[in-house]
Amino acid sequence: MGSSTDYNMLVPIIDLSLLQKDHQTRSLVINQIRESCRTAGIFAVINHGIPETIAEEALTVNKNFFNLPLNIKEEFFSPDMYKPVKYGTNQGEAHGILWEYLKLYSHPFEKFVDLWPKSPPDYREIMGNCTMEMRKLSIQICGAIMESLDLEATYLKAEIEKGVQMVAINSYSSISGSNMKIIGASQHSDFSVITLLLQSSLGLQVMDKNDKKWKSVPVIKGALLVLVGDLLEVLSNGEYKAVLHRAIRTSGNDTRLSIASFQSLEMDEILEPAMKLVNEDHPEQYRGCCLRDYLKHRASGESKPFVETVKITNSATIQ
Ligand SMILES: O=C(O)CCC(=O)C(=O)O
Ligand SMILES: [Fe+2]
């Protein structure tokens, strides 16, 4: 057994339907969200309103997309970070494709849908439903997260609603034998306010802040995962930290698929720490930043994690 999967993570499970209940129940849920964002940086949501068939169809249609001949998928290949539809692959010398991904800009839908894959024939319709549902849910969860920070539920709502939604679909081939390899999603945090993630099978790991060990995130039927992203770290002035995660390939017969929806603001919309969370005891810890800054950072090939580059390190610069 590879050592890195020996640890399992107890991911907090939050019943989102309770947000519609009485004031007291609602507050309990908000407290759970606060606690999860502060400690784990990840939680699972159940009763979230996205029908299971939508998630299942999305996984299936993407599986069918990745099963298409390489020449069809390669139409979407591009090294350009700014391309709204982008296919990429990581090939092992003797092992064929180990990891493939497709990145789609998905909001506004009408602006991007014509650029999405045409095949399988139902790809656009199924992924249109899926990404719209994921976006709606992300916006709802962002509102609850704002409340958990003692901000108005509507704080940044308009900016988030106008914001870019990008979806990454990852496909990892399974491994045989015990050669545990970490492919594709090596350790990183996401550039998003939150990321909503659907995984078809085990493979996502997060760094446990307490013991600094990688922990496997279980697959909970019908649940979606919510990950704290870089923008939420900035907005909360470091109260919530973006969760460090990676994806490993595991043994088994099935290819593993994950669908991640990254909710951020518009390309040039600068996000700064919320004024209410900056005070004498909590001086401003981050500079404002936008999606374009992140893409420039990625294109530059700099290895330093993006969020580190916006941290204010010199206390002399703080007023
Ligand atoms: O495959 C996964 O579970 C994680 C993928 C991921 O972290 C990403 O696409 O940013
Ligand atoms: Fe990620």
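Report follows, based on the coordinates. (Residues numbered from 1 in each chain as written. Chains lettered and ligands numbered in written order. Predicted model: local features only at pLDDT ≥ 70, side-chain atom pairs only at ≥ 80, totals over all residues. Heavy atoms only, no water.)

Brief notes about the environment of Ile42
So, point 1. Structurally, Ile42 can be placed in strand 2 (residues 42-46).
So, point 2. Sequence-wise, Ile42 and Met132 are 90 residues apart; in three dimensions their C-alpha atoms are separated by 22 Å.
So, point 3. Apart from the residues within four sequence positions on either side, Ile42 is in contact with Met9, Val11, Pro12, Ser36, Leu204, Val206, Val217, Leu225, Val226 and Leu227. (Helix = DSSP H or I, 4+ residues; strand = E, 2+ residues; numbered from the N terminus. Contact = heavy atoms within 4.5 Å.)

Some words on the pairing of strand 6 (residues 194-199)
So, point 1. The buried count for strand 6 comes to six of six residues, which makes it a mostly enclosed element.
So, point 2. Here strand 6 shows no split at all, with Ile194, Leu196 and Leu198 on one side and Thr195, Leu197 and Gln199 on the other all buried.
So, point 3. Pairing between strand 6 and strand 9 (residues 224-228): four bridges, direction antiparallel. The residue bridging Leu196 from the neighbouring strand is Val226, located in strand 9.
So, point 4. As judged from the six bridges shared by strand 6 and strand 11 (residues 256-263), these two strands associate in the antiparallel manner. From the neighbouring strand, Ile194 faces strand 11, where its bridge partner is Gln263. (Buried < 20%, exposed > 50% of the residue type's maximum accessible area, 1.4 Å probe, protein only. Pairing = 2+ DSSP bridges.)

What about the packing of helix 2 (residues 52-66) against helix 5 (residues 123-148)?
So, point 1. In the contact formed by helix 2 and helix 5, the axes pass within 9 Å of each other and the chain directions differ by 135°. Classed by the angle they form, the pair helix 2 and helix 5 counts as oblique. For the pair helix 2 and helix 5, the sense of crossing is left-handed. Contacts between helix 2 and helix 5 involve Ile54, Glu57, Ala58, Val61, Asn62 and Phe65 from the former and Tyr123, Ile126, Met127, Asn129, Cys130 and Glu133 from the latter.
So, point 2. Classifying every residue of the contact of helix 2 with helix 5 gives eight nonpolar, two polar and two charged. (Axes fitted to C-alpha atoms, helices over the stretch in contact; angles between N-to-C directions. Parallel < 35°, antiparallel > 145°, perpendicular 65-115°, else oblique. Left-handed = near helix turned anticlockwise from the far one by under 90°. Nonpolar A, V, L, I, M, F, W, Y, C, P; charged D, E, K, R; others polar.)

Quick notes on the coordination of the iron ion (ligand 2)
So, point 1. Only His188 (NE2), Asp190 (OD) and His245 (NE2) from the protein reach the iron ion (ligand 2) as donors, at distances of 2.1 to 2.2 Å.
So, point 2. All donors of the iron ion (ligand 2) belong to a single chain; written as a sequence motif, their spacing is H-x1-D-x54-H. Within this pair, whereas His188 is found in the loop between strand 5 (165-172) and strand 6, its partner His245 is found in strand 10 (residues 245-247), the two being separated by 57 residues in sequence.
So, point 3. Judged by its relative accessible area of 27%, His188 is partly exposed.
So, point 4. The buried category is assigned to His245, whose relative accessible area is 5%. (Donors = N, O, S within 2.8 Å, 3.2 Å for Na, K, Ca; no water.)

A look at empty space enclosed by the protein
So, point 1. What the rule picks out here adds up to one cavity of 30 Å³ or more.
So, point 2. In this structure, the largest cavity spans a volume of roughly 40 Å³.
So, point 3. Ile139, Cys142, Gly143, Met146, Ala153, Tyr155, Lys157 and Ile160 are the residues that line the largest cavity.
So, point 4. The element contributing the most residues to the lining of the largest cavity is helix 5, with four residues.
So, point 5. Taken together, the residues of the lining of the largest cavity sort by class into six nonpolar, one polar and one charged. (1 Å grid on protein atoms, 1.4 Å probe; cavity = no way out; pocket = protein on both sides within 12 Å on 5 of 7 lines; lining within 4 Å. Points joined across faces, edges and corners; volume = space filled by probe spheres on them.)

Some remarks on the site of ligand 1
So, point 1. With respect to spatial proximity, the complete set of residues near ligand 1 consists of Ala168, Asn170, Tyr172, His188, Asp190, Leu197, Leu204, His245, Ala247, Arg256, Ser258 and Phe262.
So, point 2. Here Tyr172 contributes a side-chain N or O atom positioned 2.7 Å from an oxygen atom of ligand 1.
So, point 3. Note that an oxygen atom of ligand 1 is positioned 3.2 Å from one of the side-chain N or O atoms of Asp190.
So, point 4. Against a free-state accessible area of 290 Å², the protein chains account for coverage of 94% of ligand 1.
So, point 5. Only strand 5, strand 10 and strand 11 provide two or more residues apiece to the shell around ligand 1.
So, point 6. Broken down by class, the residue content of the shell around ligand 1 amounts to six nonpolar, four polar and two charged. (Near = heavy atom within 4 Å. Polar contact = N/O pair within 3.5 Å; in protein donor to acceptor, adjacent residues only side chain to side chain. Areas by Shrake-Rupley, 256 points an atom, 1.4 Å probe, with all protein chains shown as cover.)

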